[in-house]
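# Reading the structure
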Amino acid sequence: MSIESVRTFLARHAPDIAIIELDGSTATVAEAAAGHGVAPAQIAKTLSLRVRDRSLLVVASGEARLDNKKAKAVFGGKPRMLTAEEVVAVTGHPVGGVCPFGLATPVPVYCDVSLRAFAEVVPAAGSTNSALRIDPQRLAELVGAEWVDVCGVPG
């Protein structure tokens, strides 16, 4: 169960961070924002991408949208979203619960600069009804993420 891999990761690297489990689904940005009482932009969504032959994760603000032109320039190729099956195979987490913690396979993780607008963000925690609260800088440090500018916010 992928929430267990997140629990194990946090116990080892950040024992002060608690996983919050809700009764209802938090699989979408809107559901997560409502469930955790935050603005949708404060949800840290994790995008599972493939660029050429490599998989990677981008953690971004819930209202940010991947900018293909920026992403292509940063990652060296056109990104495409992984299928639900690929997401589970690469991350060990189901769609709607994907996060950069407790991954099934080692993949590069990037944090989009859109997260820096917040003192605290709410990423999923390995299941469609779990999350945690964390400072974006600490999130990046915990998972060894590189900061990138690959998203835009719809106007």
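Residues numbered from 1 in each chain as written. Predicted model: local features only at pLDDT ≥ 70, side-chain atom pairs only at ≥ 80, totals over all residues. Heavy atoms only, no water.

This brings us to the nonpolar core. By size, the foremost hydrophobic cluster in this structure holds 30 residues, and its most contacted members are L10, F101, C111, L139, L142 and V143. Among the secondary structure elements, those contributing two or more residues to this core are helix 1 (2–13), strand 3 (54–61), helix 4 (84–91), strand 6 (109–112) and helix 5 (136–143). Among all residues touching V143, those that are not within four sequence positions of it are F9, P100, F101 and V109. One finds L49, V58, A64 and F75 within the second-largest nonpolar core, a separate group that totals 13 residues. (Core = buried A, V, L, I, M, F, W, Y, C linked by side-chain atoms within 4.5 Å. Buried < 20%, exposed > 50% of the residue type's maximum accessible area, 1.4 Å probe, protein only. Helix = DSSP H or I, 4+ residues; strand = E, 2+ residues; numbered from the N terminus. Contact = heavy atoms within 4.5 Å.)

Let's shift gears to helix 3 (residues 68–75). In this structure D67 caps helix 3, since a side-chain oxygen of it lies 3.0 Å from the backbone nitrogen of K69. Of the residues flanking the end of helix 3, it is G76, one or two places downstream, whose phi is positive at about 80°. (Polar contact = N/O pair within 3.5 Å; in protein donor to acceptor, adjacent residues only side chain to side chain.)

Another aspect to go through is the pairing of strand 6. In strand 6, alternate side chains face the same way, and those of V109 and C111 on one face and Y110 and D112 on the other are all buried. Judged from the three bridges that link them, strand 3 and strand 6 form a sheet pairing that is parallel. Paired with V59 across the bridge in strand 6 is C111. (Pairing = 2+ DSSP bridges.)

Before going further, it helps to spend a moment on the side chain of S127. Relative to the helices and strands, S127 is located in the loop between strand 7 (122–123) and strand 8 (130–131). Looking at S127, its side chain comes within polar contact range of the side chain of N129, at 3.0 Å. Excluding residues that lie within four positions of it along the chain, S127 makes contacts with S2, I3, P94, G96 and G97.

Another point: the packing of aromatic side chains. All told, the structure shown has two aromatic pairs when counted by the stated rule. Centroid distance F9 to F101: 5.7 Å. Interplanar angle 40°. Geometry classified as tilted. You can see F9 sitting in helix 1 and its partner F101 sitting in the loop between helix 4 and strand 6, a full 92 residues away along the chain. We note that F9, like F101, is buried. For the cation-ring pair, R116 lies above W147, with the distance from its terminal atom to the ring centre recorded as 4.1 Å. (Phe/Tyr/Trp six-rings, centres within 6.5 Å; stacked < 30°, edge-to-face > 60°. Lys NZ or Arg CZ within 6 Å of the ring centre and 35° of its normal.)

On to the pattern of salt bridges, then. Going through the model one piece at a time under the given rule, you end up with seven salt bridges. Between E4 and R7 there is a salt bridge, and its shortest N-O distance comes to 3.0 Å. Of the two residues, E4 and R7 both sit in helix 1, three residues apart, roughly one turn of that helix. Note that E21 is salt-bridged to R7, the shortest N-O span being 2.6 Å. Of the two residues, E21 is situated in strand 1 (residues 20–21) and R7 in helix 1; the sequence distance between them amounts to 14 residues. By relative accessible area, which is 31% here, R7 ends up partly exposed. Taken together, the salt bridges that share partners define one network made up of E4, R7 and E21. (Salt bridge = Lys/Arg side-chain N within 4 Å of Asp/Glu carboxyl O.)

Read these as geometric descriptors, not functional statements.
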